[in-house]
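# Fold and contact review
Listed below are the residues making up each chain.
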Amino acid sequence: MFHYTLRRLMFAVPTLFVISFIIFALLDLAPNDPTGNLPLTIPPEVREQIRMSLGLGEPFHIRYLKWLQQFFVAEPLNFIQQAFGIEIGNSAERVRIRSWATRSPVVDLIVERLPQTLWVVGMSYVVGILIALPVGIISAYRQYSWFDQIGTFVSMVGFSVPTFFTGVVLIVVFSVYLGWFPSIYDTTHRVTDWNSFWIQVRQMVLPVMVLALYNAAQLSRFVRASMLDNLNQDYVRTARAKGMKEKVVLLVHVLRNSLIPVVTVIALGIPTIFSGAIITEQIFRVNGLGQLLIIAIQGADIPLVQTLTFIFAVLIILCNLIADILYGILDPRIRYD
Amino acid sequence: MRKTSKINNIVRGNAMKKLTIFLTGTAAAIAMTAGAAQAERGSDGHLNILYWQAVSILNPFLSGGTKDVEGSSLIIEPLAKFNEKGEMVPALVDEIPTVENGGVAEDLRSITWVISEGLMWSDGTPVTAEDVKFTAEYCMAEDGGCQQVANFTDVESVEAVDERTVKVNFSVAKPYPYGPFVGAQSPIIQKAQFENCVGARAPECTEANFGPIGTGPFVVTRFAANDVIELEANPNYRDAAKPAFATVTLKGGGDAASAARAVLETGEFDYAWNLQVEPEILAQMEAAGRGELISSFGTSVERINLNMTDPSPDKGADRSTVEAGPHPFLSDPAVRRALSISLDRELIVEAGYGETGRPTCNILPAPEAYASTNVDWCLTQDIEEANRLLDEAGWMPGGDGIREKDGVRLSILYQTSTNSVRQATQALVKDMWQQIGVETELRNIDAAVFFGGDPASPDTFQKFFADVEMYTNNFDGTDPEKYMAEWICADAPKPQNGWLGANIPRFCSEEYDALVKKMGETAPLEERQALAIQMNDILTNEGAHIPLVHRGDVSARAMTLNGVLMNSWDSELWNAADWTRAE
Amino acid sequence: MTDQVSMAPEKVIPPAPGSPVAAEPRKQRTLTADVWRQFRQHKGGVIGAIVFLTIIFLVVFGPSIHGVDPSALNVRERNAGVSWAHPMGTDNLGRDTFAQILAGGRTSLAVGVTAMLLSLLLGTAIGVLAGYFRKLEGPLMRLTDLFLALPLLPLLLVIIMLFRDTLRRSFGPETGIFLLIVFVIGITSWMQTARIVRGAVLSVKEQEFVLAAKSIGTRERRIISRHILPNVLSPIMVSATLGIATAIITESALSFLGLGFPSDYPTWGRLLFDGVNFMQINPSRVIWPGLAISLTVLSVNYIGDGIRDALDPRIRGR
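Quantities reported herein were computed from a predicted structural model and do not represent experimental measurements. (Residues numbered from 1 in each chain as written. Chains lettered and ligands numbered in written order. Predicted model: local features only at pLDDT ≥ 70, side-chain atom pairs only at ≥ 80, totals over all residues. Heavy atoms only, no water.)

## Examining the interface of chain C and chain A
For clarity, the cut-off: Whether two residues are in contact is decided by their heavy atoms, any of which lying within 4.5 Å being enough. Salt bridges are defined as contacts in which a side-chain nitrogen from Lys or Arg sits within 4 Å of a carboxyl oxygen from Asp or Glu. Under the rule applied, a polar contact is a pair of N or O atoms within 3.5 Å (in protein, one hydrogen donor and one hydrogen acceptor; residues adjacent in sequence only if both atoms are side-chain atoms). Counting from the N terminus, the helices are the DSSP runs of H or I reaching at least four residues and the strands are the DSSP runs of E reaching at least two. Note on residue classes: Ala, Val, Leu, Ile, Met, Phe, Trp, Tyr, Cys and Pro are nonpolar, Asp, Glu, Lys and Arg are charged, and everything else, Gly too, is polar.
The interface is formed by 64 residues belonging to chain C together with 65 residues belonging to chain A. Taken together, the links from chain C to chain A amount to 2 salt bridges. Linking chain C to chain A there are 4 residue pairs in polar contact (both at pLDDT 80 or more). At the level of elements, α4 (134–149), α5 (152–188), α6 (191–204), α9 (233–256), α10 (268–275) and α11 (284–311) of chain C are the ones that each hand at least two residues to the side of chain C that touches chain A. Looking at the side of chain C that touches chain A residue by residue, the class counts come to 34 nonpolar, 16 polar and 14 charged.

So, in structure tokens, the structure goes:
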């Protein structure tokens, strides 16, 4: 397993380079433009000057190499410098990756957004898992029972109704008619005491509900399917035949085996926490990483999109690796080497 | 509710005299009415403003986006602003320079501004002529990518005559010398703060770009790009009694409909900007009674451009250029006219714009003295007349009801940017054109691509690889000279100029070119107005485009927020210092 | 049929799943007939099939029964409620909602099912190949990583920019866009299926019956199709069900961005999206398209359950 991990990690480096190059080429090819959202009163010649000042006049490979240098040398050095308070080289001359729309270092923007994304999207993922596991298990164990039918119905509706719809429904019901929860997430809110914690909880309820419903719907289907597969296996019958308690059969034998593919699905979903939930973040104005990405894409803010998507790529590859390793550990039948 | 604006008197000559008197009068009046109501600075607590397009940066020289310009207008100010009627009002000066008061040179080649006495930056240092001079240098620096540099066109130099006097010299005679330092697009920044941020170094000054020191009513306490700005009252604001609000939150993100909901239905916010949503949705939200919609009209016109050149893909590199030859059917004046009069503009307004739109046949609908009334023939829908025109021109219905002549079918590819109101308008127009035997294929393109101008993309509005396309355009301030010059032959987009021309319909008329040239040499106001009207009439009569709707701006304010004066000529937040909380 | 699990088959040692010796020669029965017989006993599956067929019937023949042109405008009658002329009311331009749902269903179902099949095909093929052949695993899984990492929106913009005009010229605007959308959704949504299928294959291929099949010299193609595939069917079925919903919704997102069908071309996702802001004025604008999508997804889900159970040799053939 260790050997396998090492090999995978070694493979990851060239893969990431290829990915970064393809993303960069894709963004370069894409037809949107950083001056696209400016008012039409700004004349075309000025737009051309703006493009030149952003460095768009340079050839493609130069811009790519510059980004590589900034991402792999300048930003890490800067990070070390900030973390340990030591001066390495001439930091004033070091060019950081700057977003075109805000002109501020991309990394600072990302760090600024992490808290709200983790709070809302991360929490909804956890809530989603906590709902999906019991629902999926009971649904499979009592297949075609009332519970299963309702669970299936709710999760299918939850999955097939998009978040742009559920979000607005929840706002209309809970913010407009009932007035229980705010419809807009206040990113300036700081939790200092119980009272402010309560406010934080209230403003998180609606977005977390929307996302958790969606996540739980998807995940519970996988849990149920995987449980059903295992419930029909011979070892279950053997265990029952040995006179084991049903609880032990279910929660120790079946569940453990069933969770193997589920763990993969969960691990694979972790990068999506960081890439945020674009639509839900927009609806509730959570303004996390998802909103940062979509605004950057719409405004053709290439340095920001490139950096964000590359970070997501790293996360995706890491999580896939983790999922595979977990898979190997949990399921002794799987042999990678 | 036609506005009785007197926006037009901002040019030289005898009109100047009227202007000066008028300006000082209104400015004082506004100050009086707004000032009387409030007690002291910061007494009204907290103000919540919602811009659904989040502010990215507070330096409008580095981002010309409307949201960024308006956000920064709370903090930094120009020498003079436009009020809600489009009149220039002094901000950092005591009076607007004119030829009469000697502020504008007789030869129109310089303008001299005198900064008010005792004016201070929010950090307590005095505002000097050096700051103004520096602002011009900052924007005109090489490699700075200043997005407002068009305001400094023809500026030769800016000199600081003394502590408070600054003189702008132009290289040519400027009948309208109020480009630099007027309006939210051209504010004054502090030299001390931005001194090391000139030219290529401009983007590196994140701290200054996110928290400029200004003269406006508020100062930044925290700025999160594309998310939220927190501000507090400027302790050194020039009026000791203002602003009434102690703190402000300017939140961004989301969409227009939910922004309207946050003010009108849930009451979480006090002010929401730019709510272009279907009128019935807004009306239903407004009925909740927590807030009200406010609107005003500027110079925006939603128009359908007709492509005068052949956009057929067969033309290869010449596609949609003059070299490709005239358009197979839009080059026929009868077709262009029929397309225009077959439209029921009232209906389009009713379905998509409500109170915030008016049917128009003018490409130059405001200021009022510039607005033509000669082309109102297109205001009434006349399907019969349209059919008659087409019959007469030899376009006869084919087997499927679509008109054709010599094998050319009246089949139109109609593109616009993605926006639910635009798509509704597209559907209505398609239906109306169907009634005169014209077939329409609709296409909508993401705004960032459509308006992006990327020369590699086939979908930009400049390339115009379609038969007709719809969007809104307007001009800043109140002088239309630059705007009307967009339709000269030489300015047609083509590969040779990187598709950068402004003459999107590829309209070309010697008569029109001559008028444009004449306007550039004409100074008296009445003559300029007459010229502009004449040009507007040519464009509509010749059918360079089909003007549809004179669009207003619409925002929402909470019932508890007083003092808002909706403004289409400057930032909507232009008088935020006067806003107060109602009891 | 409440508790299938406890009624597990009473055979002593079940033969290799799906292996030809499974069925005792009681009567001459084909596998298809067997599966069909079992499927008919699956209540959920049958109801799902009926609902799904009804939906298909409605969207295919509905427009000729409810003869209203879905794109006919009547601004004077906009935002109307339920009436005989408009059984589901009208939208903000006076278009008949029922006619739009019927017309939109054709597009949505066609896009949803085709795109789902394409993505399923790609995902299963890549997943099985990567899981079964160790040599292919590295490259294929890195390809999956690459597709997972690509930013979707710029990718779509590029694809549309490169291919739209070519397709429009060769297939006409509607078929051209249809192909493009199916292609775009298909190639951007197969990754999760591939990952999950690969995981399942990895664990199945080490089981005894596969080893047994190998040892008796079964060809690899046959091992995959007869032994591996039937055993990884349940995650595939889940992916298929979820895939239809995703495809229908993604299509709406595409048209909203101006990358999909023209704006006057109704689809369920688009109707729902356009209706959201009108929810308080005219609830029927969101209820019906939402219901249509949910019913489709639900019915496909139950059909999937039925097929999976029917194909499971431990349940079938009792």
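Now, onward.
## Examining the domain arrangement of chain A
All names here are of chain A. Quick note on the threshold: Where each domain starts and ends follows an automatic or database-derived domain assignment. Accessible-area loss on putting two parts together, using a 1.4 Å probe and summing over both, is the definition of buried area adopted here.
Parsing chain A into structural domains produces domain 1 (16–93) and domain 2 (106–330). Relative placement of domain 1 and domain 2: their C-alpha centres are 33 Å apart. Listed as interface residues are 14 residues of domain 1 and, on the opposing side, 16 residues of domain 2. For the pair domain 1 and domain 2, the summed buried area comes to about 1,400 Å², and 72% of that belongs to carbon and sulfur atoms. When the area that domain 1 buries against domain 2 is broken down by residue, the three leading residues are Leu 16, Leu 27 and Trp 67, summing to 36%. Our enumeration of links across domain 1 and domain 2 arrives at 0 salt bridges. Along the contact surface separating domain 1 from domain 2 lie 3 residue pairs in polar contact (both at pLDDT 80 or more). For the side of domain 1 that touches domain 2, the elements supplying multiple residues, two or more each, are α1 (2–29) and α3 (60–84). The element contributing the most residues to the side of domain 1 that touches domain 2 is α1, with 6 residues.

## Some remarks on the sheet that holds strand β5 (residues 155–160) of chain B
All names here are of chain B. Keep this limit in mind: Paired strands are those between which DSSP finds at least two bridges. Axis angles are defined between N-to-C directions and span 0 to 180 degrees, where every axis is a line fitted to C-alpha atoms and, for a helix, only to the segment in contact.
Strand order in the open sheet made by the 3 strands is β4-β6-β5, with antiparallel pairing throughout. Edge strands, defined here as strands with exactly one partner in the open sheet, are β4 (110–114) and β5. Mean inter-strand twist for the sheet, computed between neighbouring axes without regard to direction, equals 15 degrees. Pairing analysis gives 5 bridges linking β4 to strand β6 (residues 165–170), with the strands arranged antiparallel. Bridge pairing in β6 places Ser 110 opposite Asn 169. Docked against the sheet, helix α3 (residues 129–140) engages β5 and β6, running at close to 155 degrees with respect to β5.

## Describing the sheet that holds strand β15 (residues 408–409) of chain B
In space, the 3 strands of this open sheet follow the order β13-β14-β15 (chain B), with antiparallel pairing throughout. The open sheet is flanked by β13 (396–397) and β15 of chain B, the only strands paired with a single partner.

## Structural notes on the pattern of salt bridges
Selection rule: With a 1.4 Å probe rolled over the protein chains alone, any residue whose accessible area is under 20% of its type maximum counts as buried; one over 50% counts as exposed, and the rest are partly exposed.
Per the stated rule, a full pass over the model turns up 40 salt bridges over all chains. Note that B:Glu292 is salt-bridged to B:Arg557, the shortest N-O span being 2.8 Å. Linking B:Glu292 in strand β11 (residues 291–306) with B:Arg557 in strand β19 (residues 545–558), this pair joins segments that are 265 residues apart in sequence. Classification of B:Glu292 as partly exposed rests on a relative accessible area of 26%. For B:Arg557, a relative accessible area of 14% gives the class buried. Here C:Arg142 and C:Asp145 are joined by a salt bridge, their closest N and O atoms 3.1 Å apart. With C:Arg142 and C:Asp145 both in helix α4 and 3 residues apart, this pair spans about one turn of that helix.

## Quick word on the interface of chain A and chain B
Counting residues at the interface gives 50 residues for chain A and 59 residues for chain B. When chain A packs against chain B, the two sides together hide about 4,100 Å² of surface, and 55% of this comes from carbon and sulfur. On the chain A side of the interface with chain B, the three residues burying the most area are A:Leu40, A:Arg103 and A:Arg285, jointly 17% of the side's total. Summed over the shared surface of chain A and chain B, the result is 0 salt bridges. The tally of links from chain A across to chain B stands at 18 residue pairs in polar contact (both at pLDDT 80 or more). Secondary structure elements with two or more residues in the side of chain A that touches chain B: α2 (44–53), α4 (106–141), α6 (163–177) and α11 (289–298) of chain A. Here the element with the most residues in the side of chain A that touches chain B is α2(A); it accounts for 8 residues. When its residues are assigned to classes, the side of chain A that touches chain B shows 22 nonpolar, 18 polar and 10 charged.

## Structural notes on the nonpolar core
Our working definition: For this analysis, a nonpolar core means a set of buried residues of the types Ala, Val, Leu, Ile, Met, Phe, Trp, Tyr and Cys, connected via side-chain atoms within 4.5 Å.
With 154 residues, the main nonpolar core has B:Ile49, B:Trp113, B:Tyr138, B:Tyr178, B:Tyr271 and B:Trp579 as its most contacted residues. Top contributing element to this core by residue count: α5(C), with 15 residues. Shared between two domains, this core holds at least three residues of each, these being domain 1 (16–93) and domain 2 (106–330) of chain A. Setting aside chain neighbours within four positions, we find B:Trp113 in contact with B:Leu79, B:Ala80, B:Val93, B:Pro97, B:Arg164, B:Thr165, B:Val166, B:Val168, B:Tyr178, B:Pro180 and B:Val182. A:Ile273, A:Val286, C:Val59 and C:Tyr302 belong to the second-largest nonpolar core, a separate cluster that totals 97 residues.

## Examining the packing of aromatic side chains
Residues and elements named next belong to chain B. Rule in force here: Working definition: rings of Phe, Tyr and Trp (its six-membered ring) pair if their centres are within 6.5 Å, and the pair is stacked with planes under 30 degrees apart, edge-to-face with planes over 60 apart, and tilted otherwise.
Inspection of the entire model under this criterion finds 40 aromatic pairs over all chains. Taking the centre distance of 6.3 Å and the plane angle of 75 degrees together, the rings of Trp 113 and Tyr 178 count as edge-to-face. Residue Trp 113 is found in strand β4, and its partner Tyr 178 is found in the loop between β6 and α4 (191–194); the two are separated by 65 residues along the sequence. Judged by its relative accessible area of 0%, Trp 113 falls in the buried class. Given the relative accessible area of 2%, Tyr 178 is considered buried.

## Let's talk about the side chain of B:Ser56
Position of B:Ser56 among the secondary structure elements: in the loop between β1 (46–51) and α2 (66–72). A distance of 2.8 Å separates the side chain of B:Ser56 from the side chain of B:Lys67, its partner in a polar contact. Only 2.8 Å separates the side chain of B:Ser56 from the side chain of B:Asn226, close enough to count as a polar contact. Every residue in contact with B:Ser56, bar those within four places of it in the chain, is listed here: A:Ala101, A:Thr102, B:Lys67, B:Asp68, B:Phe210, B:Phe223, B:Ala225 and B:Asn226.

## Things to note about the environment of B:Gln423
Take B:Gln423: it is sitting in helix α11 (residues 420–434). Residues B:Gln423 and B:Asn444 lie 21 residues apart in sequence; the distance between their C-alpha atoms is 7.5 Å.

## Here's the deal with unusual backbone geometry
With an omega dihedral of -10 degrees, the bond running from B:Lys242 to B:Pro243 counts as a cis peptide bond. Within the fold, B:Pro243 resides in the loop between β8 (228–233) and β9 (247–252). Residues B:Ala366 and B:Pro367 are joined by a peptide bond in cis, for which omega reads -5 degrees. Although it is not a glycine, A:Ala300 adopts a positive phi angle of roughly 50 degrees.

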